[in-house]
Every structure is written in structure tokens, then in C-alpha cells.
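Descriptive analysis of the structure
Here are the chains, one letter per residue:
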Amino acid sequence: MKVTLWGTRGSIAAPGAETARYGGNTACVEVRGTDGTVLVLDAGTGIRRLGMSLPRSVSRVNILLTHLHMDHLQGLGFFAPLYNPEAEVHIWGPASTTLSLQRRLMRYLSPPLFPVRLRELPCRFVLHEVPCGDFEVGEFHVSSALICHPGPTVGYRIATARATLAYLTDHEPVLGMQQFPLAGEWTSGYAIAAGADLLIHDAQYSSEEYARCVGWGHSALEHALAFAALTKVKHFVPFHHDPAHDDDDLDRLTAEAVTATAPSFAISPGAEGAIFELES
Amino acid sequence: MAQKEIEVILTRQLASYLAMPIIIVDSSRTLLFYNEPAERILGMRFEETGEVPADEWMTTTLVTDEGGTPLAPEMRPLMIAVTERRPTHGDMWLQGLDHVHRHIEITAFPLIGQAERHLGAMAIFWEVKE
């Protein structure tokens, strides 16, 4: 399993010299299987470059949306395979309690927000609503579960026989907790992340910033580290960086958190272009 | 360790902040959580009991009508909410582990998650001051 980060920023794209190392594109992660299966986690602005990197010979792409907030969807209309009539694009994502995934996607892929309508895209489109139990995509076994974030939002667990990736990019498991963490069974996202080889998890805020943003659906790095420790992951990738945090801020916040908590697992703050090879 | 559904986790978190007695059961009627105000009415502490299987908590709490006649489990609002998946309200007497009879009103409603997942039920108690 090869995991490539194409967009690591949260909320809104933040390009510029001050974010050049960690990147300014919003959430998008490519997961490539040894059999050539392509999974795309979220369709933030990072998906545009990912789409350009895919050979036209890739006939099927699988996009797994965690939710439909704009920073996870904004790049979808600029994803090259959508305009390839030979391509088959499967999209998994959450419906709401009243609207299907298709109707929710149409709200973005239609005027006035976007000039091309969903039905006008030349690729073959297949939509799947999650959470829907476990499913298989190529060599990957995928699980999804609703997690704590405003509106219907899922986390994904992607496993092969020998490696597991957990992706919880917008997640506030500490919300409402009088102590954190509780036991795993009472912690949002635990089942998705438990024992993963690689955890990509929301770490948008510093602890001071989180105090002003409770309930917005994101985590402080401190909370994400506690979640990673609870779930006993092997490698933690802080993700969904706040657009106000420049590269130096991220370096400092990470260094401070590592010093304070001395985690027993590896930490690699999500950087655009970073590649993680998981044994598979 | 199986994780609870997010709706159940959030319900517990809400209950832990509210001052009304609240209990939460899953679809198999296991008592998943009760908050501190409910501890006083049930006469037991969640920190000490943790989850309580249905057959245990249904027998350790005595629920009767005004005349002292025990209410069959299927007549209790929380059980109706779980098994029939509809809200209900009742007026009854409850004796918890502290052996104190309390006149209570109870409103119970099913917890139904996205995609019609039946997650259990939640009940809110009011102690009726005579």
C-alpha cells in the first residue's frame, strides 16, 4: 500500500511561500495498491494534481469522501478522470438524513457554484452511500463509520492482509468529554483507528486555539496525540493543518507536542508530496 | 473492544451534561449509561456498575403502578421505546437499589441513526414531588 499526500491543509487552501513545505492544498490522499487499485481520499484542491498524475490508462478510480464540506470537495470538478469517457469513477460518501449523496453532490456540481452538472460529466459515474458496512475495492478492504464532526462525516479504515491505514481527517473526539480519552468503546473513531499502521488524523489547532473553537469539529494536536496513543497506532500523521499555521508554526507545534508527550509512535506532520509505503 | 455508534457516544456526552436523570439502553436493552442525576433515582453509581445487562437491571429495579402492582417489562416506557420503536410517556413508582420508592414520570424515545439503524432508546425521568 502506497500512501501519497496531495493536500494536507484544512478549511481553505493556503498557498504561499510560508506554507511551501507542508503545502497549501486542501485534503486529498492517494492510496495505491500493488494491484494498481487507486483510492482517492477526499477531493480537496489537492485532487487536481493527483488527477494530472494518473495515466489515462487507469480505467477506474475510487473516491472516498469523508464528508461534503467544501475543503473536501472543492477539487472534484477539476479531477481529470471525470472528463475521460473511458474512465469509471466510483464515489463513496455520506448521505444526510434527508438528502441522498447524489443530491448533495449536485448542490456543488451545478450552477451557480460550478458550470458543469453532474449528469454532464462524460465518465461513467457510480455513487455509493456510506456508512454501508465493509466493502472491497480491488485488494483493499474498506470500513467506514460515522465520527464526531458537524454533519454526516465518516472515517475510513483501509486494510490489506498486511497493512492498515486509518483516515480521520475532520474529527473532534474530545467534544463533550469530561475526561479524554475514555475507554476506546466510548471514543469516536476508535474502531476505525485501532492498531492501524498509519493514522492520518485531524490536528488543526494548538490547545489554545481549540479552546476558542470547541464544537467546530476539529482537534488540537494534543488531543490527536492522545487519540493516537489510545488506538495504539504505529505512525501518526497530523493533518488538516489550520490555514493560519505556516511551516514554522507546524514545526514548533510538533516539536512542543513531542517534547510534552514523548509518544511511543512515529510522528510525521502531513506534508504535501509525502509518501508512506506500508507493507502489503 | 467494540466501539459504540457515534450517535450513542454523543447521546452519552449530552446526558452527562444535563441535570435531568437520563438512562440509555442499546437495542438489546443493555443499560449502557445513566448520568449522575439518574444514579440517585436508580440507587446505584455508573462508575461502580458500568453497563448492566437487561435481565439484571430489569430485576434489580422494581417498577410498579400507583397501587403497587409491578409493571410487566413490556409495559415500561423504555421497553416500549426499544421494542416498538416509538416514543412513550408513563407515570409510575420506581424502587432502585437503595430501596427507596420514588414517584416518577418518564419519557422514553427510540434512538434511530442514519440509514434507519436502530441503536436503542433513551429515557428522561422526572421525580414527582407529592
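Residues numbered from 1 in each chain as written. Chains lettered and ligands numbered in written order. Predicted model: local features only at pLDDT ≥ 70, side-chain atom pairs only at ≥ 80, totals over all residues.

**As for the overall build of chain B**
Filter applied, for reference: The helix count covers DSSP runs of H or I at least four residues long, the strand count covers runs of E at least two residues long, and both are numbered beginning at the N terminus. Each radius of gyration is computed over the set of C-alpha atoms, and the globule rule expresses the reference value as 2.2 Å times the number of residues to the power 0.38. Put simply, a residue is buried when 20 or more other C-beta atoms lie within 10 Å of its own C-beta and exposed when 12 or fewer do; between those, it is partly exposed, and each C-beta is set from the backbone. Any two residues are considered in contact once their C-beta atoms, placed from the backbone, lie within 7 Å.
Tallying secondary structure elements over chain B gives 5 helices and 6 strands in all. In sequence order, the secondary structure elements of chain B are arranged as α-β-β-α-α-α-β-α-β-β-β. For 130 residues, the compact-globule formula gives about 14 Å, and the C-alpha radius of gyration of chain B, at 14 Å, lands near that figure. By principal-axis analysis of the C-alpha atoms, chain B measures approximately 40 × 30 × 25 Å. Of all 130 residues assigned to chain B, the portion counted as buried reaches 35%. Long-range contacts, defined here as pairs at least 24 residues apart, represent 48% of the contacts in chain B between residues at least 6 apart.

**With respect to the overall build of chain A**
The secondary structure content of chain A amounts to 6 helices and 14 strands. Relative to the 2.2 N^0.38 estimate, which gives 19 Å for 280 residues, the radius of gyration of chain A is 18 Å and therefore close to what a compact globule would have. Here the C-alpha coordinates of chain A stretch approximately 50 × 40 × 35 Å along the principal axes. Burial statistics for chain A: of 280 residues in total, 50% are counted as buried. Counted over contacts in chain A with a minimum sequence separation of 6, partners at least 24 positions apart contribute 67%.

**With respect to the interface of chain B and chain A**
You'll often see interface size given as the accessible area lost when the parts meet. So the rule is basically this: Under the scheme applied here, ten amino acids are nonpolar (Ala, Val, Leu, Ile, Met, Phe, Trp, Tyr, Cys and Pro), four are charged (Asp, Glu, Lys and Arg), and all others, including Gly, are polar.
Taken together, the contact between chain B and chain A spans 13 residues of the former and 14 residues of the latter. Class assignment of the residues belonging to the side of chain B that touches chain A gives a composition of 7 nonpolar, 4 polar and 2 charged.

**Considering the sheet that holds strand β11 (residues 198-202) of chain A**
All names here are of chain A. Filter applied, for reference: Here, a strand pair is defined by DSSP locating no fewer than two bridges between the strands. Between N-to-C directions, angles span 0 to 180 degrees; the directions come from axes that are lines fitted to C-alpha atoms, helices contributing only their stretch in contact.
Strand order in this open sheet of 7 strands is β7-β8-β9-β10-β11-β12-β13, and the pairing throughout is mixed. With one partner strand each, in any of the chains shown, β7 (135-137) and β13 (266-267) form the two edges of the open sheet. Examined bridge by bridge, strand β9 (residues 154-159) and strand β10 (residues 164-168) share 4 bridges and lie antiparallel to one another. When the bridges of β10 are listed, Ile158 appears paired with Leu165. Contacts from helix α5 (residues 221-231) reach β11 and β12 (235-239) within the one sheet, and its direction differs from that of β11 by about 150 degrees.

**A look at the nonpolar core**
The following threshold applies: Among buried residues, those of type Ala, Val, Leu, Ile, Met, Phe, Trp, Tyr and Cys that are joined through C-beta atoms within 7 Å form a set called a nonpolar core.
Membership of the largest hydrophobic core comes to 109 residues, with the highest contact counts inside it found for A:Val40, A:Leu165 and A:Leu199. Those residues in contact with A:Val40, other than ones at most four positions away along the chain, are A:Cys28, A:Glu30, A:Ile47, A:Leu50, A:Val61, A:Asn62, A:Ile63 and A:Leu64.

**Some thoughts on the confidence of the model for chain B**
All names here are of chain B. The condition is simple: The predictor's confidence in any single residue is recorded as pLDDT, a number from 0 to 100.
For chain B, the average pLDDT comes to 93, and 99% of its residues sit at 70 or higher. Predicted confidence in chain B is weakest over helix α4 (residues 54-60), with a mean pLDDT of 88, and strongest over strand β1 (residues 22-25), with 97. Overall fold confidence for the complex sits at a pTM of 0.91, while the interface term, ipTM, reaches 0.77.

**So, the pairing of strand β6 (residues 124-130) of chain A**
Residues and elements named next belong to chain A. Using the following cut-off: For crossovers, right-handed means that the path from the first strand over the helix to the second runs clockwise, given strands pointing away from the viewer.
When strand β5 (residues 88-94) meets β6, the two strands line up parallel, connected through 7 bridges. In the sheet register, Gly93 faces β6, and the bridge partner there is Glu129. Once you follow β5 into helix α2 (residues 101-108) and on to β6, the crossover reads as right-handed.

**A word on the packing of α5(A) against helix α6 (residues 247-261) of chain A**
Residues and elements named next belong to chain A. Our working definition: Here the word oblique covers every angle except those under 35 degrees (roughly parallel), over 145 (roughly antiparallel) and from 65 to 115 (roughly perpendicular). Handedness of each helix crossing follows the sense of rotation of the near helix against the far helix: counterclockwise by less than a right angle gives left-handed, clockwise gives right-handed.
The geometry of α5 relative to α6 is characterised by a closest axis approach of 10 Å and an angle of 50 degrees between their N-to-C directions. Put simply, α5 runs oblique to α6. For α5 against α6, the interelement crossing comes out right-handed. Facing α5, whose interface residues are Leu221, Glu222 and Leu225, α6 presents Leu253, Ala257 and Thr261. For the contact of α5 with α6, a count of residues per class yields 4 nonpolar, 1 polar and 1 charged.

**Looking at the sheet that holds β6(A)**
Residue and element names in this part refer to chain A. An order of β6-β5-β4-β3-β2-β1-β14 is seen for the 7 strands of this open sheet, with the pairing classed as mixed. Single-partner strands in this sheet number two, and they are β6 and β14 (275-277). For this sheet the average axis-to-axis angle between neighbouring strands, irrespective of direction, equals 20 degrees. Pairing between strand β1 (residues 2-7) and β14: 3 bridges, direction antiparallel.

**What about the environment of B:Ile104?**
By the secondary structure assignment, B:Ile104 is in strand β5 (residues 101-113). Beyond its immediate chain neighbours, meaning those up to four positions away, B:Ile104 contacts B:Ile41, B:Met92, B:Leu94, B:Phe125, B:Trp126, B:Glu127 and B:Val128.

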